[in-house]
Protein chains: 2
Amino acid sequence: MSDAALWTALADPHRRAIVALLLERPRPVGEIAEACGLSQPGTSKHLKVLREAGLVRVRHDAQRRVYALDPGPIITLDAWLAPYRKLWNDSLDALGRRLDETASDPPDTPLPKD
Amino acid sequence: MSDAALWTALADPHRRAIVALLLERPRPVGEIAEACGLSQPGTSKHLKVLREAGLVRVRHDAQRRVYALDPGPIITLDAWLAPYRKLWNDSLDALGRRLDETASDPPDTPLPKD
DNA sequence: GGCATGTATTCCTTGACAGGCATATAACTG
DNA sequence: CAGTTATATGCCTGTCAAGGAATACATGCC
């Protein structure tokens, strides 16, 4: 349920952009709208979806509504991801754990296919 | 390939169910269809989306197509999530971190039991 | 009170899927 | 070869969500 709402909320690129914006700092609606190139009503609608998914929360500041990230759902996503993280750890092992970061001196590189 | 395809693919609950199934072990289409209560054509279409998002890969076994998870996109998701993970770590700190766990990732902290 | 600012909500239209069905393709069996 | 199993694809339809425009709501200021 809330899990589904979370995925649905993050499925939209504009909403991911909003979330990324709010990662830097809380912002009022107008600022988000301009930064994302969205209309004000459109921004409000996206924010509503994010709010109902629990991803953001609002602080009333006079007429302004300042939105900020709520870290809660991030934990949910992280938990969902955990089993798969284990998967790619195994996978790295199986391939010789020589991905494109930090590794630079394997004696012989067996050239994984594809 | 795109980030968007990945999120779109995971936005569907049936596809998340398929991914969860494939986490246990690779499976042929028919088995996935039955396990998820989906029709065979529907399952094939979902698998196509997952394939194009890079989340699964196919192994041809006679007439069977055995699908397996591809760990690549998981890394992408994990990278996307990383900044937010930092956010909720900060959040826990701010609260006095007397919650459950705030494990960072030294060489051996393999996610106790999720 | 009236007006300006900032945000939310409603209505409408359009486009993107998901699901069901029939059918096409591929590979094994005899 | 024909028949059978396993999967993919094409078409159709209903549903749902995103975007735009106009408007309602809320708050501060004079």
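This section reports on the structure supplied with the text.

Cut-offs and rules
Residues numbered from 1 in each chain as written. Chains lettered and ligands numbered in written order. Predicted model: local features only at pLDDT ≥ 70, side-chain atom pairs only at ≥ 80, totals over all residues. Heavy atoms only, no water. Near = heavy atom within 4 Å. Polar contact = N/O pair within 3.5 Å; in protein donor to acceptor, adjacent residues only side chain to side chain. Helix = DSSP H or I, 4+ residues; strand = E, 2+ residues; numbered from the N terminus. Nonpolar A, V, L, I, M, F, W, Y, C, P; charged D, E, K, R; others polar. Salt bridge = Lys/Arg side-chain N within 4 Å of Asp/Glu carboxyl O. Buried < 20%, exposed > 50% of the residue type's maximum accessible area, 1.4 Å probe, protein only. Contact = heavy atoms within 4.5 Å. Buried area = accessible area lost by both parts, 1.4 Å probe. Pairing = 2+ DSSP bridges. Core = buried A, V, L, I, M, F, W, Y, C linked by side-chain atoms within 4.5 Å. Least-squares fit on C-alpha atoms with pLDDT ≥ 70 in both.

### Points about the protein's contact with DNA strand D
Part 1: Near DNA strand D there are 20 residues, and of these A:Arg15, A:Lys45, A:His46, B:Ser44 and B:Tyr67 occur at the shortest range.
Part 2: Sugar plus phosphate, as a fraction of atoms of DNA strand D within 4 Å of the protein: 59%.
Part 3: One of the backbone N or O atoms of B:Gly30 is found 3.0 Å from a phosphate oxygen in DNA strand D.
Part 4: Sorting the residues of the surface near DNA strand D by element identifies α2 (13–24) and α4 (40–52) of chain A together with α3 (29–36), α4 (40–52) and β3 (64–69) of chain B as the ones contributing at least two each.
Part 5: The biggest single contributor to the surface near DNA strand D is α4(B), with 5 residues.
Part 6: Here the surface near DNA strand D is composed, by residue class, of 6 nonpolar, 7 polar and 7 charged.

### Section: the pattern of salt bridges
Residues and elements named next belong to chain A.
Part 1: Within the structure shown, the criterion is met by 10 salt bridges over all chains.
Part 2: Here arginine 85 and aspartate 78 are joined by a salt bridge, their closest N and O atoms 3.5 Å apart. As far as the burial class goes, arginine 85 and aspartate 78 line up, both buried.
Part 3: Several salt bridges converge on common partners, so that one network encompasses Glu24, Arg25, Arg27 and Glu31.

### Re the interface of chain B and chain A
Often, the extent of an interface is quoted as the loss of accessible area on bringing the components together.
Part 1: Listed by partner, the interface residues are 25 residues for chain B and 25 residues for chain A.
Part 2: Summing both partners gives a buried area of about 2600 Å² for chain B against chain A, and 79% of it is carried by carbon and sulfur.
Part 3: The interface formed by chain B and chain A includes 2 salt bridges.
Part 4: At the surface where chain B touches chain A, the tally comes to 2 residue pairs in polar contact (both at pLDDT 80 or more).
Part 5: The set of elements that each furnish at least two residues to the side of chain B that touches chain A consists of α1 (3–11), α2 (13–24) and α5 (72–95) of chain B.
Part 6: The biggest single contributor to the side of chain B that touches chain A is α5(B), with 12 residues.
Part 7: Classifying every residue of the side of chain B that touches chain A by side-chain character gives 19 nonpolar, 1 polar and 5 charged.

### Some points on the sheet that holds strand β2 (residues 56–61) of chain A
To summarise the sheet geometry, strands pair through backbone hydrogen bonds and adopt either a parallel or an antiparallel arrangement.
Residues and elements named next belong to chain A.
Part 1: An order of β1-β3-β2 is seen for the 3 strands of this open sheet, with the pairing classed as antiparallel. Looking at which strands have only one partner, the edges of the open sheet turn out to be β1 (27–28) and β2.
Part 2: Taken together, the 2 bridges between β1 and strand β3 (residues 64–69) define a ladder with antiparallel strand orientation. Each residue of the ladder has a partner; that of proline 28, found in β3, is valine 66.

### Re the nonpolar core
Part 1: Counting 50 residues, the largest nonpolar core has A:Leu55 and B:Leu55 as its most contacted members.
Part 2: Sequence-distant contacts of A:Leu55, that is, excluding residues within four places in its chain, are made with A:Leu6, A:Ala9, A:Leu10, A:Leu50, A:Ala68, A:Leu69, A:Asp70, A:Pro73 and A:Ile74.

### As for the protein's contact with DNA strand C
Part 1: Not every one of the 20 residues close to DNA strand C is listed here, only the nearest: A:Ser44, A:Tyr67, B:His14, B:Lys45 and B:His46.
Part 2: Atoms of DNA strand C within 4 Å of the protein belong to the sugar or the phosphate in 61% of instances, the rest to bases.
Part 3: In this structure, B:Arg15 approaches DNA strand C through a side-chain N or O atom, which is 2.8 Å from a phosphate oxygen.
Part 4: Note that a sugar or linking oxygen of DNA strand C is positioned 2.8 Å from one of the side-chain N or O atoms of B:Gln63.
Part 5: Broken down by secondary-structure element, the contributors of at least two residues to the surface near DNA strand C are α3 (29–36), α4 and β3 of chain A together with α2 and α4 of chain B.
Part 6: In terms of residues, the surface near DNA strand C owes the most to one element, α4(A), which gives 5 residues.
Part 7: Residue classes in the surface near DNA strand C are distributed as 6 nonpolar, 7 polar and 7 charged.

### Here we look at the relation of the copies chain B and chain A
Part 1: Its rotation angle being 180°, the transformation that places chain B on chain A also includes 0.0 Å of axial translation and leaves an RMSD of 0.1 Å. As the rotation angle and translation indicate, the two copies are arranged about a two-fold axis.
Part 2: When the interface residues of chain B are mapped onto chain A, 88% of them again fall at the interface, so both copies present the same face.

Remember that the coordinates give geometry; whether it matters functionally is a separate question.
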